[in-house]
Amino acid sequence: MEDQTELAPAVRSILSAARDRAAEGRSGEVAVEPRGLRAAFDRAEADGRVPVIAEVKPTSPTTEGTREDDPVALAEGMVAGGAAALSVLTEPAHFGGSTDTLERVREAVDVPVLRKDFVVAEAQLDAVESDVVLLIARFVGDDLPDLLAAARDRGFQVLVEVHDRDELERALDAGATLVGVNNRDLAELVVDLGTFESVAPRVPDDVTLIAESGIGSPADVRRMRAAGADALLVGSAIMDGDVEANTRELVRAEARGGAVGSDADGDGANDESDTRDTTETST
Ligand SMILES: O=P(O)(O)OC[C@@H](O)[C@@H](O)c1c[nH]c2ccccc12
């Protein structure tokens, strides 16, 4: 485990709560038949959509208030807006998530669903089935190879999240084939899209690469794609307002003829809100 003294207090508290939850693991291992994530990205590309993983995130340590809408309705809106896959927070204390929500969402949609949580112990993997599970390199430290194997044994696809080149090396050494670069610094909770740009060139072509956090506009989407993102993971910018229209706006960021100034389907979604501040501190 890495030294956590520099982490934001909210993140330290999330991790200690995660370790307590690890003790509550269900008896028996889950056996997942996963919906393929790479195939879902390929289908989106073939259809002219930027592959977007839209995240159901009712709240976060630095978001004001909690979105109380039915998560299943939100998830269905994201899929209707063109999301290639979904991410569902299952962390209860700080993100308003639950394993029950994930189960309900996964039942309601056909796309792959990523379980977004702070998994630090093998027992946590058995809390709920999902198509993809997240392992955060910084938090699992030397346990990464073992947790990766334990997750794959259960059938999960594994997204390994990194924030710098050292973590990327560790992820690749452990055999990660799905890598997410988090633009949010977990020490300061500040977002910098330059993080992805500095790490992406070190990622081999055969690894599926996802840009995570702080993507708020079609211009941000294009910037991350130009830097090599196969797909994007977007939470706050989609959760803020009409999730279907927000998803559609980002998914269409590369559509020919562009969305600039036009709104062909009248959904009000493509007004190119390129001025959103990418240094915001929401998580
Ligand atoms: O809301 P944003 O800035 O679009 O970010 C989404 C996602 O990347 C972020 O929620 C996230 C990335 N890694 C995490 C790990 C745990 C919890 C949350 C996250």
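Please read all numbers here as calculations on a predicted model, not as lab measurements. (Residues numbered from 1 in each chain as written. Predicted model: local features only at pLDDT ≥ 70, side-chain atom pairs only at ≥ 80, totals over all residues. Heavy atoms only, no water.)

Attention shifts here to the overall build of the protein chain. Check the secondary structure of the protein chain and you find 12 helices and eight strands. For the protein chain, buried positions account for 55% of its 283 residues. Of the contacts formed within the protein chain by residues at least 6 apart in sequence, a portion of 68% connects residues at least 24 apart. For the protein chain, the exposed surface amounts to about 11,700 Å²; the carbon and sulfur share of it is 45%. (Helix = DSSP H or I, 4+ residues; strand = E, 2+ residues; numbered from the N terminus. Buried < 20%, exposed > 50% of the residue type's maximum accessible area, 1.4 Å probe, protein only. Contact = heavy atoms within 4.5 Å. Areas by Shrake-Rupley, 256 points an atom, 1.4 Å probe, with all protein chains shown as cover.)

Below, the discussion takes up helix α3 (residues 71–80). Buried within α3 we find Pro71, Val72, Leu74, Ala75, Gly77 and Met78. Turning to α3, the residues buried within the fold contact β1 (52–56), β2 (85–89), α5 (99–108), α11 (236–239) and α12 (243–251). Once α3 finishes, Gly82 follows within two positions and takes phi at roughly 110 degrees, a positive value.

As a further point, take the site of the ligand. Near the ligand, the surroundings consist of 17 residues, among which Glu55, Glu161, Ser213, Gly235 and Ser236 are the closest. Take Arg184: an N or O atom from its side chain is 2.8 Å from an oxygen atom of the ligand. Within the side chain of Ser213, an N or O atom sits 2.7 Å from an oxygen atom of the ligand. Of all the secondary-structure elements, those providing two or more residues to the shell around the ligand are β4 (132–136) and β8 (231–234). Classifying every residue of the shell around the ligand gives six nonpolar, five polar and six charged. (Near = heavy atom within 4 Å. Polar contact = N/O pair within 3.5 Å; in protein donor to acceptor, adjacent residues only side chain to side chain. Nonpolar A, V, L, I, M, F, W, Y, C, P; charged D, E, K, R; others polar.)

With respect to the element layout, Met78 can be found in helix α3. Note: C-alpha distance between Met78 and Arg225 (147 residues apart in sequence) is 20 Å. Leaving out residues up to four positions away in the same chain, Met78 has contacts with Ala54, Glu55, Val56, Ala83, Leu86, Ile238, Met239, Val243 and Thr247.

All right, on to the sheet that holds strand β5 (residues 157–162) then. Taken in spatial order, the eight strands close into a barrel running β1-β2-β3-β4-β5-β6-β7-β8, and their pairing is parallel. Averaged over neighbouring strand pairs, the angle between their axes works out to 25 degrees when direction is ignored. Along the sheet, helix α7 (residues 144–153) contacts β4 and β5; its crossing angle with β5, the most-contacted strand, is approximately 155 degrees. (Pairing = 2+ DSSP bridges. Axes fitted to C-alpha atoms, helices over the stretch in contact; angles between N-to-C directions.)

Before going further, it helps to examine the packing of α3 against α5. Helix-helix packing is described using two parameters, namely the angle between the two axes and the distance between the axes. Remark: α3 packs on α5, axes separated minimally by 9 Å, with the N-to-C direction vectors making an angle of 40 degrees. As summarised for this structure, α3 and α5 are arranged oblique, according to the angle between their axes. In this structure, α3 meets α5 at a crossing whose hand is right-handed. Contact residues: α3 offers Pro71, Val72, Ala75 and Glu76, while α5 offers Thr101, Arg104, Val105 and Ala108. Residue classes in the contact of α3 with α5 are distributed as five nonpolar, one polar and two charged. (Parallel < 35°, antiparallel > 145°, perpendicular 65-115°, else oblique. Left-handed = near helix turned anticlockwise from the far one by under 90°.)

Attention now moves to the packing of aromatic side chains. What describes a pair of aromatic rings is the distance from one ring centre to the other and the angle between the planes of the rings. Across all of its chains, the model carries two aromatic pairs by this definition. Taken together, a centroid distance of 6.0 Å and an interplanar angle of 35 degrees make the contact between Phe118 and Phe139 tilted. Of this pair, Phe118 sits in the loop between β3 (113–116) and β4 while Phe139 sits in helix α6 (residues 137–140), and the two are 21 residues apart along the sequence. Of the residues examined, Phe118 reaches a relative accessible area of 10% and is grouped as buried. Among the residues examined, Phe139 registers a relative accessible area of 1% and is labelled buried. (Phe/Tyr/Trp six-rings, centres within 6.5 Å; stacked < 30°, edge-to-face > 60°.)

The positions UniProt marks with the feature "domain: Indole-3-glycerol phosphate synthase" (unreviewed entry) are residues 31–250. Between the end C-alpha atoms of residues 31–250 the distance is 34 Å, and the span holds 38% helix and 18% strand. (UniProt positions renumbered as here; feature names shortened; annotations may be inferred.)

Judged by nonpolar contacts, the single largest core of 62 residues is most densely connected at Met78, Leu86, Val160, Val162 and Leu232. With five residues, α7 is the single largest residue contributor to this core. Grouped together as the second largest cluster of nonpolar side chains are 28 residues, Ile53, Ala84, Leu114 and Phe139 included. (Core = buried A, V, L, I, M, F, W, Y, C linked by side-chain atoms within 4.5 Å.)

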